[in-house]
Amino acid sequence: MPKWLDNAVFYEIYPQSFMDSNADGIGDIRGIISKLDYIEGLGCNALWINPCFVSPFTDAGYDVADYCTVAPRYGTNDDLKTLFEELHKRGMHVLLDLVPGHTSVEHKWFKESMDPEENVYTHRYVWTDSIWESPEGMNNIRGISQRDGCCGVNFFSTQPALNYGFYNKTRPWQMSPDDPAPTATLDAMISVMRFWLKMGCDGFRVDMAASLVKNDEEGKGNIALWKKVRTFLDKEFPEAAMVSEWGEPDKSLEGGFHMDFLLHFGPSHYNDLFRCDEPFFSKRGNGSIAAFADTYKKNYEKTGGKGLICIPSGNHDMDRLARKFDTGELKICFAFLLSMPGAPFIYYGDEIGMRYIEGLISVEGGFGRTGSRSPMQWNDGVNAGFSSAAFEKLYIPIDPFPDRPTAEKNINDENSLYNEIKRLIRIRQSHTALQSKGKIEFVYAQENAYPLAYIRSDDREKILVIINPSDKECGFDFNGAGQELLYTNGIVKISEGRICASPQSAAFIKLDRVHI
Ligand code: BGC
Ligand code: CA
């Protein structure tokens, strides 16, 4: 695993909404470069940038039309190269977003593959051999060319599925992953990876990584596919970092990924924390952490105690954390997010409490996700400092409320969410036990009960983390002694065999003795 992942704290940038450098109303790479001081100032040392490649943007760029060219609206390949260089000068790193499962219908491979005459791209996508047969279990495109067949799609109807083969073949048109056409598809994707890694990119966040090989319920075909990618990386780019959108770390890590996301879909119970009717992190205190912790423990064991699981504050697909939580609640969320194993991912704007913008008309296939993708609010200037374009030209309307949070207000207020997060990151960065590979042991994670407590440790130290999101005082029996309070928000005490946490509190306590 690349050494820098040990203490990486990521910042996710949705490029169209971060910073517009040329007044066209849309964020761009030069804009990102101009804000690196801000990101570094917060303490983040790594970026994940959503797809920034040529695309018709029917799914905000997750419909790639040319994998190796930056979309003109964001700048040029040279601008991206400059971003890599600027980051490296600061000791920072960057993951690009690799979308290997599908392309846009406008990709030249797909255009060729629609041709009824056999050619190199005929089997690049998942096509049935008759217009009357749909691929089972998939939506599809049909009747758009003279080719006699239906093409499976992965997400929107504009995103035809690339052909990596079928693990269990049930129809004659289905190929095995090792057949020549699926092998050529994987080779083509490996060339894309090589292209960006050579230019200086540090790795990839991989979109829908579990879905490439079809009819693969147990994930064996996809694990085997990613192992081939691992062989390529070990040989040519051993320092490249790979983070998967998979949601099942035991499988993705076996496939050679370094880390996997817990997500709003899949079996992780991530939604129990922040995004269900009674989330654990609400001050109402009616949530339950038990199912999340149990699943986490199982994954932790299945990954051989590596637990390289990334828990994001949110992302471009989920509701903003601030849709349901106030600043006090958000501070407790981040005490948790920044003290768990794996690398934390902060979605741009979450650090200043940016809100979900209600009632927006969908932009570029965002639908309900559009409200989480609005322009970053930098200051009280025109368009919140995001762009000097006319308001109507902005990619997505900005939060219209006059009391909207901004980076500037946050930076200048000692008690802001931003400054709390900055402190938390600093503490994480100075204690290896709190970083990616430090061990975790849950001490208190009970059904319908508060607080949550766990010990992070490595061979240097043991740190007890206590998290009480509820607005009630609570506690649990604990037979150990604390030595130094590394972080506190509220009052958390250890005395006479008991931990007592004041309403809405969090603390990190260095332990000198512990008997549990
Ligand atoms: C991305 C989404 C995208 C989808 C299809 C994902 O999971 O995060 O934003 O719409 O894949 O590519
Ligand atoms: Ca721009």
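What counts, and where the lines are drawn
Residues numbered from 1 in each chain as written. Chains lettered and ligands numbered in written order. Predicted model: local features only at pLDDT ≥ 70, side-chain atom pairs only at ≥ 80, totals over all residues. Heavy atoms only, no water. Near = heavy atom within 4 Å. Polar contact = N/O pair within 3.5 Å; in protein donor to acceptor, adjacent residues only side chain to side chain. Areas by Shrake-Rupley, 256 points an atom, 1.4 Å probe, with all protein chains shown as cover. Nonpolar A, V, L, I, M, F, W, Y, C, P; charged D, E, K, R; others polar. Phe/Tyr/Trp six-rings, centres within 6.5 Å; stacked < 30°, edge-to-face > 60°. Buried < 20%, exposed > 50% of the residue type's maximum accessible area, 1.4 Å probe, protein only. Donors = N, O, S within 2.8 Å, 3.2 Å for Na, K, Ca; no water. Helix = DSSP H or I, 4+ residues; strand = E, 2+ residues; numbered from the N terminus. Expected span 1.5 Å × (residues − 1). Arc of directions from axis to C-beta. Contact = heavy atoms within 4.5 Å. Salt bridge = Lys/Arg side-chain N within 4 Å of Asp/Glu carboxyl O. Pairing = 2+ DSSP bridges. Core = buried A, V, L, I, M, F, W, Y, C linked by side-chain atoms within 4.5 Å. Axes fitted to C-alpha atoms, helices over the stretch in contact; angles between N-to-C directions. Parallel < 35°, antiparallel > 145°, perpendicular 65-115°, else oblique. Left-handed = near helix turned anticlockwise from the far one by under 90°.

## Structural notes on the site of ligand 1
What surrounds ligand 1 is a group of 13 residues, the closest being Asp 59, Asp 207, Glu 245, His 316 and Asp 317. One of the side-chain N or O atoms of His 102 is found 2.9 Å from an oxygen atom in ligand 1. Contacts to ligand 1 include Arg 369, whose side-chain N or O atom sits 3.1 Å from an oxygen atom. Bound to the protein, ligand 1 loses 96% of the 310 Å² it would expose on its own. Class assignment of the residues belonging to the shell around ligand 1 gives a composition of three nonpolar, three polar and seven charged.

## Describing the packing of aromatic side chains
Applying the stated criterion to the full structure yields 38 aromatic pairs. Between Tyr 347 and Tyr 348, the aromatic rings sit 4.8 Å apart at their centres with planes inclined by 70°, giving edge-to-face as the arrangement. Summarising the burial analysis for this pair, Tyr 347 and Tyr 348 share the class buried. Ring plane angle 65° and centroid distance 6.0 Å describe the contact between Phe 442 and Tyr 454, whose orientation is recorded as edge-to-face.

## With respect to the coordination of the calcium ion (ligand 2)
Within the protein, the calcium ion (ligand 2) binds to Asp 20 (OD), Asn 22 (OD1), Asp 24 (OD), Ile 26 (O) and Asp 28 (OD); these donor distances fall in the range 2.2 to 2.4 Å. For the calcium ion (ligand 2), all donor residues lie on one chain, and their spacing in sequence is D-x1-N-x1-D-x1-I-x1-D. Note on Ile 26: relative accessible area 9%, which makes it buried.

## Observations regarding helix α3 (residues 77-89)
Across its 13 residues, α3 extends 18 Å between first and last C-alpha, which sits within 8% of the 18 Å expected from 1.5 Å per residue. Listed as buried for α3 are Asn 77, Asp 79, Leu 80, Leu 83, Phe 84 and Leu 87. Projected down its long axis, α3 carries its buried residues within an arc of 160°, all on one side. Opposite the buried face of α3, at more than 90 degrees from it, the exposed residues are Asp 78 and Lys 89. In this structure, the buried side of α3 is in contact with α1 (29-34), α2 (36-42), β2 (46-49), β4 (66-70), β5 (93-98) and α5 (180-199). After α3 finishes, the residue Gly 91 shows a positive phi value of roughly 75°.

## Quick word on the pattern of salt bridges
Tallied over the full model, the rule gives 34 salt bridges. Across the pair Arg 73 and Glu 364 runs a salt bridge whose closest N-O atoms are separated by 2.7 Å. Here the residue Arg 73 occupies a position in the loop between β4 and α3, and Glu 364 occupies one in the loop between β12 (345-347) and α11 (407-412), the gap between them amounting to 291 residues. Both residues of the pair, Arg 73 and Glu 364, count as buried. Here Lys 283 makes a salt bridge to Asp 326, at a shortest N to O gap of 2.5 Å.

## Brief notes about unusual backbone geometry
Look at the link from Tyr 450 to Pro 451: it is a cis peptide, with omega at 0°. Secondary-structure assignment places Pro 451 in the loop between β13 (439-444) and β14 (452-457). Within the chain, Phe 57 stands out as a residue other than glycine whose phi angle is a positive 55°. Residue position: Phe 57 is located in the loop between β3 (53-54) and β4. Residue Ala 384 is not a glycine yet carries a positive backbone phi of 55°. For Ala 384, the location among the structural elements is in the loop between β12 and α11.

## Points about the sheet that holds β12
Sheet architecture is open: eight strands sit in the order β11-β10-β9-β8-β5-β2-β1-β12, paired in parallel fashion. Strands at the two margins of the open sheet, each flanked by one partner only, are β11 (309-310) and β12. Pairing of strand β8 (residues 203-206) with strand β9 (residues 241-244) involves four bridges; the strand directions are parallel. Its bridge partner being in β9, Gly 203 is matched across the sheet by Ala 241.

## Structural notes on the nonpolar core
Tyr 11, Trp 196 and Phe 336 are the most contacted members of the largest nonpolar core, which totals 153 residues. No other element matches the nine residues that α5 contributes to this core. Residues Tyr 444, Ala 449, Ile 455 and Ala 501 belong to the second largest nonpolar core, which totals 15 residues.

## Remarks on the packing of helix α10 (residues 327-337) against helix α12 (residues 417-429)
For the pair α10 and α12, the least separation of the axes is 10 Å and the interaxial angle reads 15°. Between α10 and α12, the angle is such that the two are roughly parallel. Of the two elements, α10 crosses α12, and the hand of that crossing is right-handed. Seen from α10, the contacting residues are Thr 327, Leu 330, Lys 331, Phe 334, Ala 335 and Leu 337; seen from α12, they are Leu 417, Glu 420, Ile 421, Leu 424 and Arg 428. Here the contact of α10 with α12 is composed, by residue class, of seven nonpolar, one polar and three charged.

## A short note on the side chain of Ser 436
The topology assignment puts Ser 436 in the loop between α12 and β13. Assessed through its relative accessible area of 1%, Ser 436 is described here as buried. Among the polar contacts made by the side chain of Ser 436, one reaches the main-chain carbonyl oxygen of Leu 5 at a distance of 2.7 Å. A polar contact is formed between the side chain of Ser 436 and the backbone oxygen of Asp 6, at a distance of 2.9 Å. With sequence-adjacent residues up to four places away left out, Ser 436 is seen in contact with Leu 5, Asp 6, Asn 7, Ala 8, Met 259, Leu 308, Pro 341, Gly 342, Ala 343, Arg 428 and Arg 456.

## Notes on α12
Count 3.6 residues to each turn of an α-helix, and residues three or four apart come out pointing the same way. With 13 residues, α12 extends 18 Å between its outermost C-alpha atoms, agreeing within 8% with the 18 Å of an ideal straight helix rising 1.5 Å per residue. If you check which residues of α12 are buried, you get Leu 417, Tyr 418, Asn 419, Glu 420, Ile 421, Leu 424, Ile 425, Ile 427 and Arg 428.

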